[in-house]
Amino acid sequence: MIDLFKRESAPRSEEPQRSICVWGANGSPGKSTVALNLACELALAGRRVLLVDLDTYSASIGTMLGINEPTPGLSAAVRLVGQGRLDGEQFSRLAIEHQVGKGTLSVLTGLGSELRWPEITAEKTKNLVSMALENYEYVILDVASHLEDGLKHVGGVVDRNAATKAALEACSMTLAVLSADQVGLKRFCDSYEQLSRVAREPILVANRLRSSALGVGAKHQIQDVILELCGAEIRWFIPEDRASCDRAILDMIPLAMLKRSSSARQAIAQLVRHHFAIGDGRKSPSAI
């Protein structure tokens, strides 16, 4: 039987880690699912949480939540950042309130078109994170996978991947999600050096762990590969839970709103309890 969780993790920081960047290598390793459900578990515990879809290539959080109408979201927020007018009132106006049990999750939906990426500069991204932390207890950012330098906007000087790198630099915690199979491992290892240049001690999360993809001892195989090629250690494992994930997509609701028997949901909830010292969602802990 696969051991779902890795419990031995680095000691918790004395400083609260309130800004969390969720990154993953190319190939849909499930970073948006992790980001959404991380935010939902915090909201279930009574925290004030803002989830920002900062994937400037392929925004998906709105779709996952069944938000089909165009919303100003990220575009309007960064515009107000540039004007120095983004405050609590504007966050309340721009963020969509999504009910999560007895809690509420605030969501800034992503770009309506990836062609608008030049609007999201590094400076605006960092200021957005800073201003969000003044109004929310936790800020979760779902960022794009690409980290390459030197991709410029035609006629301009904005780095194509500036928003992702700025978010990784600005946030106090990075969750680096990889798909637990041979292709996912290769893609992650190919990108890890670039990630380690901008993210502070990323916490590695292996998603969709199953023995059918790597055989017996899948967990140890993945650990060995990552340690050898990246010099890093996987801190958390999320098991394959296709039935629950498909149901969440079909119903356009987070895993966190499905039954507690979902093994993927349990793994993410345990990650949240460990790193943020919150309860299990059945009561609201005191604010930070």
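Just above, that's the structure.
Every chain's residues receive numbers from 1 upward, in the order its sequence appears when written. pLDDT decides what is reported in this predicted model: residues at 70 or higher carry local features, side-chain atom pairs at 80 or more are listed and counted, and totals for whole chains, interfaces and linings draw on all residues regardless. Just so you know, side-chain values use all the structure's heavy atoms and leave hydrogens and water out.

Q: So what's going on with the overall build of the chain? Which residues, and what values?
A: Think of it this way: any DSSP run of H or I at least four residues long counts as a helix, any run of E at least two long counts as a strand, and we number them from the N terminus. Looking only at helices and strands, the chain features 11 helices and eight strands. Residues are treated as being in contact if the distance between any of their heavy atoms lies within 4.5 Å. Pairs at least 24 residues apart make up 77% of the contacts formed inside the chain by residues separated by at least 6 positions. Note on areas: Shrake-Rupley, 1.4 Å probe, and residue coverage restricted to the protein chains presented here. Carbon and sulfur atoms form 49% of the exposed surface of the chain, whose accessible area is close to 13400 Å².

Q: Account for the nonpolar core, naming residues and giving values.
A: The nonpolar core is taken to be a set of buried Ala, Val, Leu, Ile, Met, Phe, Trp, Tyr and Cys residues, with the residues joined through side-chain atoms within 4.5 Å. Using a 1.4 Å probe on the protein chains alone, a residue whose accessible area is under 20% of its type maximum counts as buried, one over 50% counts as exposed, and one in between counts as partly exposed. By size, the foremost hydrophobic cluster in this structure holds 53 residues, and its most contacted members are Leu 128, Phe 188 and Ile 226. Leu 36, Ala 43, Leu 65 and Ala 267 belong to the second-largest nonpolar core, a separate cluster that totals 40 residues.

Q: Account for the packing of aromatic side chains, naming residues and giving values.
A: By convention, a stacked pair of Phe, Tyr or Trp rings (six-membered ring in the case of Trp) has centres within 6.5 Å and planes under 30 degrees apart, an edge-to-face pair has planes over 60 apart, and any other such pair is tilted. What the rule picks out here adds up to four aromatic pairs. Where Phe 91 meets Tyr 136, the ring centres are 5.6 Å apart and the plane angle is 90°; that geometry is what we call edge-to-face. With Phe 91 in helix H4 (residues 88–94) and Tyr 136 in the loop between helix H5 (122–133) and strand E5 (138–143), the pair connects residues that are 45 residues apart, well separated along the chain. Tyr 136 carries the same exposure label as Phe 91, and that label is buried. Measuring from ring centre to ring centre gives 5.7 Å for Phe 188 and Tyr 192, while their planes differ by 35°; the resulting arrangement is tilted. You can see Phe 188 and its partner Tyr 192 sitting in helix H7 (residues 182–198), four residues apart, about one turn around the helix.

Q: Run through H5, naming residues and quoting values.
A: Between the first and last C-alpha of H5 there are 17 Å, a value that for 12 residues agrees with the 16 Å anticipated at 1.5 Å per step. Along H5, the residues that are buried comprise Thr 125, Leu 128, Val 129, Met 131 and Ala 132. Here the expected length of a helix is defined as 1.5 Å per residue gap, with one fewer gap than residues.

Q: Tell me about helix H6 (residues 162–170), and please be specific about residues and values.
A: Among the nine residues of H6, seven are classified as buried, and the element is accordingly described as predominantly covered. Those residues of H6 lying buried are Ala 162, Ala 163, Thr 164, Lys 165, Ala 166, Ala 167 and Leu 168. Buried residues in H6 make contact with strand E1 (19–24), strand E2 (49–54), H5, E5, strand E6 (173–179) and H7.

These figures capture arrangement, not role.
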